[in-house]
Every structure is written in C-alpha cells, then in structure tokens.
Amino acid sequence: MKYSSLKVMVMMCLIACLASCNAPADIEQQIDELYQKMPQEERIAQLRSMYMDELFNEQGQLDTAKCRELIPYGIGHFSQFCMQQPRDPNDLRNRAIAIQDWLMHNTPNGIPALLHEEVLSGVNTLGSAIYPQQIGQACSFNPELAELKTLQTSTTLRKMGGVFALSPMVDVCRTPSFNRLEESYGEDGYLSAVMGTAFVKGLQQGNLKTGVGACSKHYLGYGGGGDAEEKEMMEEILLPHETMIRLTGSVAVMPGYHDVHGIRCVANSEILQDILRDYVGFDGMVVSDYTAIDQIPNITDTIQKAAAAINNGNDVDFPFGANYQYLQEAIDKGLVKPEVLERAVKNVLRIKFRLGLFDQDAYLYSKEDIQLDTPEERQTAYDIASQSVVLLENNGVLPLKDVKNVLVTGPNANSIWAMCGDYTYPAMSYFWKMVMDVADRDNPHIVKLLEAMQSRKPEGVNVMYSRGCDWTEVVETKYGELGDARAWEKALLNRKVDSGEKADKAEALKMAKEADVIIAAVGENVMLCGENRDRQGLRLPGKQEQYVEELLKTGKPVVLVMFGGRAQVISGIAEKCAAIIQAWYPGEEGGNAVADILYGKVSPSAKLSVSYPNTEINEPICYNYSAEKDPRVAWPFGYGLSYTTFEYQNLQVNSEAQTSDDFVELTFQVKNTGAVKGDEIAQIYLSPTQESQKIRPIQLQGFARISLEPGQTKTVTTRLYVEQTGYYSHEGQRQWNIEPGTFIVKVGASSTDIRLQQQMELKGKTVTKPLRDHYFSESIVSQ
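Reading guide: rules and limits
Sequence order as written defines the numbering, with residues in each chain counted from 1. With the structure being a predicted model, the display of local features is reserved for residues of pLDDT at least 70 and the display and counting of side-chain atom pairs for 80 or more, all residues being used for whole-chain, interface and lining totals. The side-chain figures draw on all heavy atoms in the structure; neither hydrogens nor water molecules are used. Points on a 1 Å grid over protein atoms alone make up a cavity when a 1.4 Å probe fits among them but cannot get out, and a pocket when they form an open set with protein on both sides within 12 Å along at least five of seven lines; lining residues each have an atom within 4 Å of a point. Grid points are joined across faces, edges and corners, and a volume is the space filled by probe spheres set on the points. Helical segments are the DSSP runs of H or I of at least four residues, strand segments are the runs of E of at least two, and each set is numbered from the N terminus. In this classification, Asp, Glu, Lys and Arg are treated as charged, Ala, Val, Leu, Ile, Met, Phe, Trp, Tyr, Cys and Pro as nonpolar, and every other residue, Gly included, as polar. Should DSSP find at least two bridges between two strands, the strands are taken to pair. Inter-axis angles, ranging from 0 to 180 degrees, are taken between N-to-C directions of lines fitted to C-alpha atoms, where helices are fitted over the stretch in contact. Working definition: with a 1.4 Å probe on protein chains only, accessible area under 20% of the residue-type maximum means buried, over 50% means exposed, and in between means partly exposed. We call a crossover right-handed when, viewed with both strands directed away from the observer, the connection leading from the first strand over the helix to the second proceeds clockwise. For classification, angles of less than 35 degrees are called roughly parallel, those exceeding 145 degrees roughly antiparallel, those between 65 and 115 degrees roughly perpendicular, and all remaining angles oblique. Should the near helix be turned anticlockwise from the far one by less than a right angle, the crossing is left-handed, and should it be turned clockwise, the crossing is right-handed. Two residues qualify as a contact provided that any one of their heavy atoms is within 4.5 Å of a heavy atom in the partner residue.

K.L.:
Help me out: how do you make sense of empty space enclosed by the protein in this one?
P.N.:
One way to see where empty space is left: roll a probe the size of a water molecule over the atoms. Summed over the entire model, instances satisfying the criterion amount to eight cavities of 30 Å³ or more. Lining the largest cavity are 21 residues; nearest its centre among them are Gln 699, Gln 701, Gln 724, Trp 736 and Arg 772. Of all the secondary structure elements, the ones that give two or more residues to the lining of the largest cavity are helix 8 (189-204), helix 9 (230-237) and strand 22 (699-708). Residues of the lining of the largest cavity, tallied by class, amount to eight nonpolar, six polar and seven charged. Considered as a void within the structure, the second largest cavity measures approximately 90 Å³ in volume.

So, in structure tokens, the structure goes:
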C-alpha cells in the first residue's frame, strides 16, 4: 500500500510529537496512543521477524513490490541482518536505510524495525574485529576490557543500522561437557554477573538512543542449571540476568531451548512471568530463540504452540514468525486474549521508544564511511587475548629463553579455527552457510600461532613447522536434535574441517628430534564444539593424544597449547608435559598473544573461570559446592600461573558490623616478589563458620586485578556489601535475608589457594527485603 504525502506528513508529525516527551510515564502514554491507532495486522507484525535479504533483488536494490506483498503492515524485526551474505558494511548500512525508509513511509504508522545481530565476539559480519570467546575473556577477570569491547562493537553496529543484539550469553555453565560452554563466562554466578553486566554497560553505552540494546540469554538455567534447586537457581543461575536488568537496563531476555520444572522455557510462565516480571521487575521484551516455539513438546498444532508461547510470557517469534503468523487465528478461536496480544506488542514498542526509533532525529544509521577492524579494535582484541590465556603448568621451560630451534606442530598451529569460536563470522558462515573457503578470505586478518611465532621470535631463534596430525581422521561431530532446528540436517553435521595441509607425522617427529623445545598446538575446531555440535568426550579429539605421546617420547620438552571452547581432559599426558597453556578461542590477535606469552614478552595473568576436570564429567560441578578439593578437578576455579610470584599480606577487616550496615571495609596488600612485571588477580571469597548458615561453603564475592613491577607492593581496599552475606528464601514470598552470624573473609590466588583470612561478625536483627540493592563488592587498588 502507498500512503499519500499528507498521511506521511501527519505520521511524521505524530512521531515528532511523541519524541518530545521522554519521561517513562509519557512513554507509556505514547505507547498506549500508538497501540490504539494500529490496525490488528500491524500489531501482530511487531511480534514477527524475517530475513532482510528476502526484500532485495539480485542487484541489491529494495524490491518494493516484495515489500508490499510480504510486509504491507510493517515488520517488528529483521534477523541477523549482517551475516546472511558477505557484504561491505556500507552496503549493509544502505540496505538498512532503504528498508527503514520504506517502513516509515509505506506502512500504517511508519514504525521502524529492530535490526538485530549476534555480537558475542564482535559484530557477526565479514571483516569485523573478532575478539576472544567469552569463556576466555572471563579468565581475564577484567570487566573494564569487557565493557570497552562491547562499546566498540555497538558503535560499529549502530553505524550499520543495527539497534539490537542477541547477546550476551550469561548461562552459568557447570557441566564441563556442555557444547556451548564457550559462549558463557563459566561456572560462577558472581563472575558471570560482573562480566555480563559490563558487556551490557558497554553495548548500551548508558544511552539506548546511541547504543545497542542487549539481550540476556538463555534464560533460565541452560547449560546445566535448568534442574537446579530453587535456592541455587535464584541466588546464582538467575544472578547474571538479574544484574543486567536491574543495574544496566538490559532490554530483552531470550528463553532457552530447555525445560525448567518440566516446562519448555519459551512457554514457561513461572520463569517468564512470576520470576522475571513479578519478582525481578523486568519490563522489556521476551524474544524466542530461533525455532524454539515450534519445538514446544506435546503440542502438534502450530496455532496452539503460538498460543502457549505468548500466553505464558514470550513476546516475539524468531527468526521469521513461523508460529506467530497464526496469532489472529488463535485470537479468533479464543486461545489468546486481546490483552495478551496488547502486552506483547507494547513490550516491543516500549523498547523501540527507548532506543529512540520514534525520535525526530532518530539515530537509525550513520552516513559516514564505515571502517571495520580498526587499529583500536585490534588493540582491544590483543589486550583481552593476552589476559585470557591461562598458564596451567610450567616446569621452568617458559618463557622460552636460550633456545635456538623451536618446533611448532599440531592441528591448531597454523589454522584460524584455533582462534575463532562459535558466533564469529567465520564460524557462522562455515557451519550455517557451508562457506568452505571462509578461512582463506583473510578479512579480517586472523593471526595464526605459527605466523606469530615466526614474526615475533627473538633474534637467533629458528622456528620449524610441520602439522604432524589432523584434528580427527573421521567425522566426530555427533548428530542431535537439540537447539536450533535449522541445524538438524546431516549435511551440516556430517563433515570435518579440511585444513588444506598435509599432516606428515614422520616429518614432524624428525623435526622434533632437532628441536630444543616443541610447541604442540592441539584441541577443538568449529565442527567439534559449538551450538548443535558436540563429540563423544572431552579428551583430545582424533589421534591428537597419541601424537602428543609420540612427541613426548623424543625426550624434548613439550609445551602443550590447547585451543577450544571448553576444558579438555589431558590426564595421562599432562604430567609429562613441560608446560601447559589453555588458550581457548583467543580471537584475531590470539596468535600474537600466545606467542608473546611463550616468548616472555607478556607474563600470563589469566585465572580459570571453570573447574578444570581430570576425567570425563557430564554433570554439574562447581568450586562452591564444597570447600574441600574435588578429586575430579585437575586445576581449580580461579587458578592460573604467572612468570613471577606474589605475596599477600596485612589483611584487615572490620571485625564487627551490623546487619543494617551498608558495607564492611577490608584492605590487604599484594607484593610482586619475582623478577618480572606481572598482573595478579586477587580473589575475595566468603565462607560460613557454621553449617547452619545458609550460604555456600565458599563463594567468590570480589576480585581485583593488580599490575606490579618487580618488588612493588600495592594495597587493595574493598567494600564488601553486607547484602553479599545474605541468602534467598521463598516462604510465602520471595525475599533476600541478611542474618547475624560470623563469616570468614578469605583472600587468595584461587578458590583453593587462600593466602589470608579473617573472621567478621554481623550483629543485629535479621533484615529482609525483596531484592538486593548491592550485588558486587567494589575494590580500589592504590600504591
């Protein structure tokens, strides 16, 4: 339909009028007025999405006839608009301009769409900066860098026309074998909440009219927490979602593919209404994961699936509204009440108002020339990577000194798949689009380990290379109908990555005999870990372990460098290696970061965000389940070595406080007692003194990253909020409780390496409140 110029002018005047008021009450009035003006078809369209490419012809021009045919009443959303085809960012921006202009001038109320994309490790588009995967970034314990990363990401995405992101993933993942663990911040609710909140803070920029709206996923308990006891669920699993919503105003929530209490999350009123809206106070929009509504079990009728989702709290149907296209039929049959539709539509409109889409000067895109992968972004990618690489073992071989011949070998030594985790553009293109040559496009340039070992080597070092072995000899990716249904195809899963190189083991072993030290780069790749991708176990894939054994038999020191999206079981060979590094998927600058650590240009500082197992574990584990060491864990949560040593001293804690106080102050000092500069991550834990106290045996409640020159001492001053000693209960009503009692404040280098501790007594009456006001301690580092 084509509207007259008069109607367009009236519509634009209405938008200008609506934009003149910014108070929440005024926005609600504007939403009400707009909703009343909308025909029913336009309302339902706000709850649906589609792929933007459907509306453009082969020449890249908007097909207005297609628009009139497919979206005469507009559309609420466009799905993953950046990654569908390899395109220049300015072309993507121009497409966004064309479609938004058409929507604003050719639909009943001219409502712009929310263009969304994945931004877990940068904008998911060709040429964009690729930052380290989240599981690695969590090991940096650096929320400031997490915020900087997403500030850069959102600035780029908003220029291209993107206003909404389906990130971050803040599942508290406690099952080591979970194939999507790489997207998470690990097993601890507190660390996940700190890092996730920093992610949202940077992404939304404190101003939704210029930032990008965030979405916390996969709500609630995906990755091993869906069947947790209520106390664990509410205190720990919910925590990242709760802080992102309450502290930074995250605009959306995405339910997971799993069940909570036997009910699929996308149609679960307990978690979407009772907990999310009534308890946490969320007033944003709930969006389905891709194809999740169609996967609701025990319902075969599409209309009834749509009704089940929207009636129980889900607002939007991604990726293309396959079920919500039947909402009018559901309403006509009495399956969905008009007020339910109204709730869902208004939740979407509310976010569009907050993002400034109705403003007269709405920032829908940038007109400037858009450059991706800027020097500033590459520097941030390097900084995060160098702080994400965990040194697990070192017998003194690292950093590499006084060596002449270094052999670099293994399947991940000369591959971008050692660097790129899931939800990066190369990984998404390779898996979903089956773009087999994506690794050869060099856009952006992804620094491989071999390249960096050669380009950053000290004078006089000879770097040799032979691949030696492949990731796997056969397809190890398991088929399973889990997650996004679009991946339930044998063609997608029944394949293995072709490195394009010959793996000549005899050649590599011959070189090994000539080497002073061997760098064995092993682990997973895009087809062995990630959404809808899994394998049989956590030991090294294929024959990699046997290959490492043969390298060890040469008698030369072997430095094992593991890449991948989760911990990998290496008991049996770990004890024989001279050093072990867990590099995760460290992004486009990962090769440089790992090489600089191997050569000693950077001292490793990362600490594990998971409990690293020494055996196959397919059930939840977490350091806070017990204060005693778990024999199944090789390296504990919070653990990581450095090239220097640190001494902790002079812990001072207020010995008494009142339950009604805001905080308790503590101070301690950390000294670099080694010979090189280094960063230490000092961790603050809280433990009970009595079994009757209703808190975990040990729980991270703060941390500080401290940079120290040799011999230097710095003081950490921390406000530990009294609410952090509390616990959740649900006896008639959900509430947070702060009880009198004696607690142990612990300061350590890991969850099992406690260097200082002191008791603290809370006195007074029990204090109860619906929700906490303070979630995180605050630390200041001074000379």
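K.L.:
What's the story with the sheet that holds strand 28 (residues 767-769) in this structure? I'm lost.
P.N.:
The strands making up a sheet associate through backbone hydrogen bonding, with each pair oriented either parallel or antiparallel. The strand order across the open sheet formed by three strands is 24-25-28, and the pairing between neighbours is antiparallel. The sheet is open, and its two edges are formed by strand 24 (727-730) and strand 28, each paired on a single side. For this sheet, the mean angle separating the axes of adjacent strands, direction not counted, is 35°. As paired strands, strand 25 (residues 734-738) and strand 28 are joined by three bridges and run antiparallel to one another. From the neighbouring strand, Trp 736 faces strand 28, where its bridge partner is Lys 769.

K.L.:
Quick question: what am I supposed to make of the pairing of strand 14 (residues 558-563) here?
P.N.:
Look at any regular strand and the pattern is simple: side chains alternate between the two faces of the sheet. Across the six residues of strand 14, six count as buried, placing the element largely inside the fold. What you see with strand 14 is no split at all: Val 558, Leu 560 and Met 562 on one side and Val 559, Val 561 and Phe 563 on the other are buried throughout. Examined bridge by bridge, strand 13 (residues 517-523) and strand 14 share six bridges and lie parallel to one another. Counted as the bridge partner of Ile 519 is Val 559 from strand 14. Taken together, strand 13, helix 20 (residues 544-552) and strand 14 constitute a β-α-β crossover, and its handedness is right-handed. Across five bridges, the pairing between strand 14 and strand 15 (residues 579-584) is parallel. Among the inter-strand pairings, Phe 563 is bridged to a residue of strand 15, identified as Trp 584.

K.L.:
So what exactly am I meant to see when it comes to the packing of helix 7 (residues 143-160) against helix 15 (residues 375-386) here?
P.N.:
When two helices pack together, their arrangement is captured by the angle between the axes and the distance separating the axes. Closest axis-to-axis distance for the helix 7/helix 15 pair is 10 Å, and the angle between their directions is 150°. Judged by the inter-axis angle, helix 7 sits roughly antiparallel to helix 15. At the point where helix 7 passes helix 15, the crossing takes the left-handed sense. Seen from helix 7, the contacting residues are Leu 145, Leu 148, Lys 149, Gln 152 and Thr 156; seen from helix 15, they are Glu 376, Glu 377, Thr 380, Asp 383 and Ile 384. The residue makeup of the contact of helix 7 with helix 15, split by class, is three nonpolar, three polar and four charged.

In short, geometric facts, not functional conclusions.
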